[in-house]
Amino acid sequence: QVQLVESGGGLVQAGGSLRLSCAASGRSFSSYSLGWFRQAPGKEREFVAAISRSGRNTYYADSVKGRFTISRDNAKNTVYLQMNSLKPEDTGAYYCAADEEGSRVVAVGWEYDYWGQGTQVTVSS
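Presented here is an overview of the structure given in this document. (Residues numbered from 1 in each chain as written. Predicted model: local features only at pLDDT ≥ 70, side-chain atom pairs only at ≥ 80, totals over all residues. Heavy atoms only, no water.)

**Re the sheet that holds strand β1 (residues 2-7)**
Hydrogen bonds along the backbone pair up the strands of a sheet, which may run parallel or antiparallel. Here four strands make up an open sheet; going across it, the order is β1-β3-β8-β7 and the pairing antiparallel. Where the open sheet ends on each side, the last strands, each with one partner, are β1 and β7 (68-73). Geometrically, the sheet is characterised by an average inter-axis angle of 15° between neighbouring strands, direction not taken into account. Across six bridges, β1 lies against strand β3 (residues 18-26) in antiparallel orientation. Residue pairing for β3: E6 is matched across the bridge by C22. (Pairing = 2+ DSSP bridges. Helix = DSSP H or I, 4+ residues; strand = E, 2+ residues; numbered from the N terminus. Axes fitted to C-alpha atoms, helices over the stretch in contact; angles between N-to-C directions.)

Structure follows, in structure tokens:
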């Protein structure tokens, strides 16, 4: 079992940057792969980025590739999402998730076993 708590959301102007953090409690953080998802009002949840348990493998949605970077610090039980060149369409609630099958990076939400409560990101034009 792992508990996930996101932080770092807020209001930012288009072109700005934010860094989201997701702190995990519980055992075996380093054995999980981790992902970030987001959900805009009235829209379905969508995949943003994922990272394997070692951190060597990452995977991004096309919409954020080149602007967002996912990373993790297993010593701190934390995963990060650095978001640069933000656009209004990046607005939404951002969730981190943990997959017990840590060797893979996947983009489908139902593959993930644990979820955080989310942090809101609002990008103004």
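**Quick word on the packing of aromatic side chains**
Taken as a whole and assessed by the stated rule, the structure comprises six aromatic pairs. Considering the side-chain rings of Y32 and Y114, the 5.9 Å spacing of their centres and the 70° angle between planes classify their relative orientation as edge-to-face. You can see Y32 sitting in the loop between β3 and β4 (33-39) and its partner Y114 sitting in strand β10 (residues 114-115), a full 82 residues away along the chain. Assessed through its relative accessible area of 6%, Y32 is described here as buried. On the basis of relative accessible area, Y114 is assigned to the buried category, the value being 13%. Taken together, the ring pairs in this structure connect F37, F47, Y59, Y112 and W115 into an aromatic cluster. When the ring centre of Y80 is taken as origin, the NZ or CZ atom of R19, which lies over that ring, is 4.0 Å away. Sitting above the plane of the F37 ring, R45 keeps its charged end 5.7 Å from the centroid. (Phe/Tyr/Trp six-rings, centres within 6.5 Å; stacked < 30°, edge-to-face > 60°. Buried < 20%, exposed > 50% of the residue type's maximum accessible area, 1.4 Å probe, protein only. Lys NZ or Arg CZ within 6 Å of the ring centre and 35° of its normal.)

**Quick look at the environment of N74**
As for its position among the elements, N74 is in the loop between β7 and β8 (78-83). Taking the C-alpha atoms as reference, N74 lies 24 Å from A93; in sequence the two are 19 residues apart. Once residues lying within four places of it in the same chain are set aside, the contact partners of N74 are F29, S30 and R53. Polar side-chain contacts of N74 include one of 3.2 Å to the backbone oxygen of R53. (Contact = heavy atoms within 4.5 Å. Polar contact = N/O pair within 3.5 Å; in protein donor to acceptor, adjacent residues only side chain to side chain.)

**Some words on the nonpolar core**
The biggest cluster of nonpolar side chains holds 35 residues, and the ones touching the most others in it are W36, L81, M83 and Y94. At the level of secondary structure, the elements contributing two or more residues to this core comprise β1, β3, β4, β5 (46-51), β7, β8, β9 (92-99) and β11 (119-124). Take this core: its biggest share by element is five residues, from β5. Once residues lying within four places of it in the same chain are set aside, the contact partners of Y94 are E6, L20, W36, F37, R38, V48, F68, L81, M83, G118, T119 and V121. (Core = buried A, V, L, I, M, F, W, Y, C linked by side-chain atoms within 4.5 Å.)

**Considerations on the pattern of salt bridges**
Scanning all chains against the criterion turns up six salt bridges. Of the charged contacts, one joins R104 and D99 as a salt bridge, the two residues approaching to 2.7 Å between their closest N and O atoms. If you follow the salt bridges from partner to partner, you end up with R38, E46, R67 and D90 in one network. (Salt bridge = Lys/Arg side-chain N within 4 Å of Asp/Glu carboxyl O.)

**With respect to the state of the cysteines**
Summed over all chains, the structure comprises one disulfide. Between the sulfur atoms of C22 and its disulfide partner C96 the distance amounts to 1.9 Å. The disulfide joining C22 to C96 has a torsion of about 40° about its S-S bond and is therefore right-handed. Of this pair, C22 sits in strand β3 while C96 sits in strand β9, placing them 74 residues apart in sequence. Taken individually, C22 and C96 each receive the classification buried, so the pair is uniform in this respect. (Disulfide = S-S within 2.5 Å.)

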